[in-house]
Structures are given as C-alpha cells and as structure tokens.
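# Examining the three-dimensional arrangement
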Amino acid sequence: DSLNCLIIFHLCKGLSNERAALIAALCYALMSTAIFYAPLLLKTSLSTFVLLAAIYLLHRSYQSSSVLAWFVSGIGLALAVYARGNFILLIPLALAVIVFFRPPKISRKIAITVLLVGLLPLFMLGAVRNYWVNGEFQVLINNTGYVMYSANNSSNPIGEHKPPNFIRHNHPVEIDRSYRQ
C-alpha cells in the first residue's frame, strides 16, 4: 500500500498542489480499510493498486504528446479490467473524457486509437486463454459474478465462500459448464 500512497500523492500533485497531494496520501495511509488490507495479498489490494496505476497512467498520458504513453495507458486499463471485471466501465469513461476534454498535446483520434490498441494485447491474451479453457472466444474472464454470488445469496447467510446450490462441480472448467446448462 506504500505504492498506493505514492501514486495518490503524484496523481493529486498533478491535479492540484503538493500540500493537497500530501493530505490525500496521508488520508489513504490512515484509512482503516487500507491498514487492514495492507498486509494481506488479496484481490482487493491488487485491484486498488491496479486501478490507481491505470488512472495515474491516463492522467500522465493526457498531459503528454507521447503515443507510447497512451499505449501504456491502454495496457494499464486492460490490467485494471482483469483485476476487477466491472472496471470495464472505465474504458467508455476514458474515451468520453478524451472526446469531451481534448488532450492538449495530441489529437483525439490518435489518443483514442492508441489507447484502444493498447487494450488489445491483454484482451487478446485473455480471449485465447478462455478459448483454451472452455472452448469459447470471450475477452473477459467469465467468473466475475461467481464469487459475488457465491458469497451473497439467500442459501449462504454467513457469507462464507461456497459454491451456490445449482453448481455441482468444484473444478473451474466444470463450474463454467454448469453455468451454461
């Protein structure tokens, strides 16, 4: 989480001033959830880091004339999407920001094109992986909702991690096939 504090500091410094950045980083460092999750290697910590890194990369790209910066931002966005499936909503949001708030040092068309091209390598890698695992060509991992449903449903009142009643198998490939029946 030290990296998260650094990213927050540099992001806020670019948006405001050093004093505001220091306060923002300090607020994150003292936040109880950040303190609780810091020593744990969980998806929550990883997705927070990847989201902050993607936002930071997008902010840096917006101020840059570098095509490479926009490409790296696309890779960062793709990583964020794979960390948490619902982060896919960041892609249309980033595109809307580019369309409505023109980047000062690069054209809109180039920024959008290179950002989308930056998304492709990881999305294609995910699609190949999914085809190899379950025989279907799909970009995103299809168990994004499984974990949420398995922990939050009426047959699981205490929120433990157990498969829902309609799942008959525990192997990931078999779980995927059960969803499709």
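Here, the structure is the one placed above.
The structure reproduced in this document is the subject of the present report. (Residues numbered from 1 in each chain as written. Predicted model: local features only at pLDDT ≥ 70, side-chain atom pairs only at ≥ 80, totals over all residues. Heavy atoms only, no water.)

Take the packing of aromatic side chains next. Following the criterion strictly, the structure yields 1 aromatic pair and no others. Relative to Phe123, the ring of Tyr82 lies with its centre 5.8 Å away and its plane at 80°, an arrangement referred to as edge-to-face. On the criterion of sequence distance, the pair formed by Tyr82 in helix H5 (residues 67–83) and Phe123 in helix H7 (residues 108–134) is long-range, its members being 41 residues apart. (Phe/Tyr/Trp six-rings, centres within 6.5 Å; stacked < 30°, edge-to-face > 60°. Helix = DSSP H or I, 4+ residues; strand = E, 2+ residues; numbered from the N terminus.)

Our focus in this paragraph is the packing of helix H1 (residues 2–15) against helix H2 (residues 18–30). Remark: H1 packs on H2, axes separated minimally by 8 Å, with the N-to-C direction vectors making an angle of 155°. Taken together, the axes of H1 and H2 lie roughly antiparallel to each other. Our pair here, H1 against H2, has a crossing hand that is right-handed. Along its contact with H1, which presents Asn4, Cys5, Ile8, Phe9, Cys12 and Lys13, the element H2 presents Glu18, Ala21, Leu22, Ala24, Ala25, Tyr28 and Ala29. Among the residues forming the contact of H1 with H2, the class breakdown is 10 nonpolar, 1 polar and 2 charged. (Axes fitted to C-alpha atoms, helices over the stretch in contact; angles between N-to-C directions. Parallel < 35°, antiparallel > 145°, perpendicular 65-115°, else oblique. Left-handed = near helix turned anticlockwise from the far one by under 90°. Contact = heavy atoms within 4.5 Å. Nonpolar A, V, L, I, M, F, W, Y, C, P; charged D, E, K, R; others polar.)

By the element assignment, Leu119 lies in helix H7. In this structure Leu119 touches Gly74, Ile75, Leu77, Ala78 and Ile91, once residues within four positions along its chain are discounted.

Attention now goes to a nonpolar patch on the surface. There is a patch of nonpolar side chains on the surface, built from Leu93, Val97, Val99, Phe100 and Phe101 and spanning about 510 Å² of accessible area. In this fold, Phe100 is placed in helix H6 (residues 90–100). (Patch = residues over 30% accessible without salt bridge, like charges linked within 9 Å, V, L, I, M, F, W, Y side chains within 5 Å. Areas by Shrake-Rupley, 256 points an atom, 1.4 Å probe, with all protein chains shown as cover. Salt bridge = Lys/Arg side-chain N within 4 Å of Asp/Glu carboxyl O.)

Another point: the pattern of salt bridges. Summed over all chains, the structure comprises 1 salt bridge. When the shortest N-O distance is used, the salt bridge between Lys13 and Glu18 registers 3.9 Å. Judged by relative accessible area, Lys13 falls into the partly exposed class, the value being 37%. (Buried < 20%, exposed > 50% of the residue type's maximum accessible area, 1.4 Å probe, protein only.)

Of note, Leu6 is situated in helix H1. Residue Leu6 is classed as partly exposed on the basis of its relative accessible area of 48%. A C-alpha to C-alpha distance of 7.1 Å links Leu6 and Ala25, two positions 19 residues apart in sequence.

We now examine the side chain of Ser73. Looking at the secondary structure, you find Ser73 in helix H5. A polar contact of 2.9 Å, which involves the side chain of Ser73, links it to the backbone oxygen of Leu57. For Ser73, the residues in contact, after removing those within four places along its chain, are Leu57, Leu58, Ser61 and Leu115. (Polar contact = N/O pair within 3.5 Å; in protein donor to acceptor, adjacent residues only side chain to side chain.)

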